[in-house]
2 protein chains.
Amino acid sequence: MKKINAKKGTLLQQKGEISSKVYLVENGLLRSYTIDEKGKEHIYMFGPENWLVADNCEPNTPCQLFIDAVEDSIINVATKEELLKEDPDLNALLRRLETMQNRIIMLMSSNAKERYEHFVKTYPNITQRVPLKMVASYLGITPEALSRVRHELSQKK
Amino acid sequence: MKKINAKKGTLLQQKGEISSKVYLVENGLLRSYTIDEKGKEHIYMFGPENWLVADNCEPNTPCQLFIDAVEDSIINVATKEELLKEDPDLNALLRRLETMQNRIIMLMSSNAKERYEHFVKTYPNITQRVPLKMVASYLGITPEALSRVRHELSQKK
DNA sequence: CCTATGCATTGATGTACATCAAGAAATGAC
DNA sequence: GTCATTTCTTGATGTACATCAATGCATAGG
């Protein structure tokens, strides 16, 4: 756990970095965000005093989020390894957080078609086990919209 | 940890219940969902084999989600108290999961105005500390749309 | 078997929000 | 201070998706 000072605008973590850290904000304000293929920024989280800011990805995988300082900030930085050593079965929860993080980013940055394609990739078997209207409800679109997306995709092939 | 059998369609948990449980799916398929004010259903999560399904609310607060069985299922049920006894500092993570759950539900069920009002309530001070375009980026809307929402809200008062 | 209920599809129309463009106001650099 | 840059607002237009309504298909129950 190392204490550091970050001037407003400092980039603490880049999307794609492997050794993503955990940032405990003592003072100031951090933000984590991603940039989609269209170049659009989506803020995932603000981290004011006493918040924990981190990319919820598994240790030793490339992370998804940029993290920078919105105000001059004082922050405590830890590695995930450090934290996992203290509490090993955090791992399952971390994976859960990752799933939710992906979902939030998807909801903010993807249209109906992209969401559906992502869903099929992530849960290949579920599509056969539930009525399509439930898939639509999970994706945040109407059954009608999903029907049209599926029609369009089947044409393309 | 009690093992139970749930026929397709069985409702395991109602929105508003206090003692929400944790469900580990051994076999079958669960789903958790909420119903918004317009009566519309939003599926929060599917729980196939080996998934953990739960409302990520704090123990002893009314929960937000309905949970039911989409297929005939075999499930292990635990109370949150049980789990917290085993691992007390899960509490911080639970609160984090709750925040993300709220965000996902909000993204699926609310329009721009509702999201902004919710944001202001949840982070009253942040609005003053960051440019509005960052708030827009957090809410998943454009700065232009946020500007119009704010204009509309200020008229109303 | 027949009928009722739920599900999926298709078309017509509506709407919330995005995009594009321009100008005004605030902020920062020097 | 002045100029440049970023932020915010406002208007005009476009578009993805919702809503509404009708129809065809399953599936389940008696």
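Cut-offs used in this document
- Residues numbered from 1 in each chain as written.
- Chains lettered and ligands numbered in written order.
- Predicted model: local features only at pLDDT ≥ 70, side-chain atom pairs only at ≥ 80, totals over all residues.
- Heavy atoms only, no water.
- Helix = DSSP H or I, 4+ residues; strand = E, 2+ residues; numbered from the N terminus.
- Lys, Arg positive; Asp, Glu negative; His and termini not counted.
- Charge placed at Lys NZ, Arg CZ, Asp CG, Glu CD.
- Least-squares fit on C-alpha atoms with pLDDT ≥ 70 in both.
- Contact = heavy atoms within 4.5 Å.
- pLDDT = per-residue confidence, 0-100.
- Near = heavy atom within 4 Å.
- Polar contact = N/O pair within 3.5 Å; in protein donor to acceptor, adjacent residues only side chain to side chain.
- Domains from an automatic or database assignment.
- Buried area = accessible area lost by both parts, 1.4 Å probe.
- Salt bridge = Lys/Arg side-chain N within 4 Å of Asp/Glu carboxyl O.
- Nonpolar A, V, L, I, M, F, W, Y, C, P; charged D, E, K, R; others polar.
- Core = buried A, V, L, I, M, F, W, Y, C linked by side-chain atoms within 4.5 Å.
- Buried < 20%, exposed > 50% of the residue type's maximum accessible area, 1.4 Å probe, protein only.
- Pairing = 2+ DSSP bridges.
- Axes fitted to C-alpha atoms, helices over the stretch in contact; angles between N-to-C directions.
- Arc of directions from axis to C-beta.

Colleague: Mind showing me how you'd approach the overall build of chain A here?
Modeller: The helix and strand inventory of chain A stands at six helices and eight strands. The secondary structure elements of chain A, listed N-terminal to C-terminal, are β-β-β-β-β-β-β-β-α-α-α-α-α-α. Charged side chains of chain A number 23 positive and 21 negative; the gap between the two group centres comes to 8 Å.

Colleague: Could you clarify how one ought to interpret the relation of the copies chain B and chain A in this entry?
Modeller: For the pair of chain copies, the relating transformation is a rotation about an axis with a translation along it. It takes a turn of 180° to lay chain B on chain A, together with a shift of 0.0 Å along the axis; the resulting RMSD is 0.0 Å. On the angle and the small slide along the axis, the relation comes out as a two-fold axis. Ranked by how close their C-alpha atoms come to the rotation axis, the residues of chain B are headed by B:Ile104, at 3.0 Å. With an isologous cut-off of 70% or more, the 100% of interface residues of chain B that recur at the interface of chain A puts this contact in the isologous class.

Colleague: Help me out: how do you make sense of the confidence of the model for chain A in this one?
Modeller: Atom-level detail of predicted coordinates should not be read off regions where pLDDT is low. On average, residues of chain A score 90 in pLDDT, and 97% of them are at 70 or above. Ranking the elements of chain A by mean pLDDT puts helix 1 (residues 80-86) of chain A last with 79 and helix 5 (residues 132-139) of chain A first with 96.

Colleague: Would you mind going over the protein's contact with DNA strand D with me for this structure?
Modeller: The immediate surroundings of DNA strand D are formed by 16 residues, with A:Ala112, A:Thr142, A:Ala145, B:Leu132 and B:Arg148 found nearest. Per the 4 Å cut-off to the protein, sugar and phosphate atoms form 66% of the nearby atoms of DNA strand D. In the environment of DNA strand D, a base nitrogen lies 3.2 Å from a nitrogen or oxygen atom belonging to the side chain of A:Glu144. Between DNA strand D and the protein, one listed contact pairs a phosphate oxygen with a side-chain N or O atom of B:Ser147 at 3.2 Å. Sorting the residues of the surface near DNA strand D by element identifies helix 6 (143-156) of chain A together with helix 5 (132-139) and helix 6 (143-156) of chain B as the ones contributing at least two each. By residue number, the principal contributor to the surface near DNA strand D is helix 6 of chain B, which donates four residues.

Colleague: For this particular structure, what's the right way to read the domain arrangement of chain A?
Modeller: All names here are of chain A. When its domains are assigned, chain A resolves into domain 1 (2-106) and domain 2 (111-156). Just the C-alpha atoms count here: the centres of domain 1 and domain 2 sit 30 Å apart. Taken together, the contacts link five residues of domain 1 with five residues of domain 2. Where domain 1 abuts domain 2, roughly 470 Å² becomes buried across the two surfaces, and 53% of that area is made up of carbon and sulfur atoms. Between domain 1 and domain 2 we count zero salt bridges in total. The tally of links from domain 1 across to domain 2 stands at one residue pair in polar contact (both at pLDDT 80 or more). Here the side of domain 1 that touches domain 2 is composed, by residue class, of one nonpolar, one polar and three charged.

Colleague: Before we go on, may I ask you to explain the nonpolar core in this structure?
Modeller: Generally speaking, a soluble globular protein has its nonpolar side chains buried in company with each other. Counting 22 residues, the largest nonpolar core has A:Tyr44, A:Ile104, B:Tyr44 and B:Ile104 as the members making the most contacts within it. Not counting chain neighbours up to four residues away, the residues in contact with A:Tyr44 comprise A:Ser32, A:Tyr33, A:Asn56, A:Leu65, A:Gln101, A:Ile104, A:Ile105, B:Met100, B:Arg103 and B:Tyr138.

Colleague: Where do I start with the pairing of strand 3 (residues 21-27) of chain A in this structure?
Modeller: A regular strand places its side chains on the two faces of the sheet in alternate fashion. Bridge count for strand 3 of chain A against strand 8 (residues 73-79) of chain A is six bridges, and the pairing is antiparallel. Residue A:Tyr23 lies in a different strand from strand 8 of chain A, and its bridge partner there is A:Val77.

Colleague: Help me out: how do you make sense of the sheet that holds strand 2 (residues 11-13) of chain A in this one?
Modeller: In a beta sheet, neighbouring strands are held together by backbone hydrogen bonds and run either parallel or antiparallel to one another. Residue and element names in this part refer to chain A. Pairing within the open sheet is antiparallel, and its four strands lie in the order 2-7-4-5. The sheet is open, and its two edges are formed by strand 2 and strand 5 (41-47), each paired on a single side. Each strand of the sheet is rotated relative to its neighbour by a mean of 30°, with strand direction disregarded. Sheet analysis places strand 2 next to strand 7 (residues 66-69), joined by two bridges and oriented antiparallel. Note that in strand 7 the partner of Leu11 across the bridge is Asp68.

Colleague: Help me understand helix 3 (residues 112-122) of chain A, please; the structure alone is not making it clear to me.
Modeller: Counting along an α-helix, one turn takes 3.6 residues, and residues three or four places apart therefore face a common direction. Those residues of helix 3 of chain A that sit buried are A:Arg115, A:Tyr116 and A:Phe119. What you see down the axis of helix 3 of chain A is that its buried residues fit within an arc of 95°, all on one side.

Colleague: How do you make sense of the sheet that holds strand 6 (residues 52-54) of chain B when you look at a structure like this?
Modeller: Residue and element names in this part refer to chain B. Within the open sheet, the four strands sit side by side as 1-8-3-6. Their pairing is antiparallel. Lying at the two open borders of the sheet, with one neighbouring strand each, are strand 1 (2-6) and strand 6. In this sheet, adjacent strand axes meet at a mean angle of 35° when their direction is disregarded.

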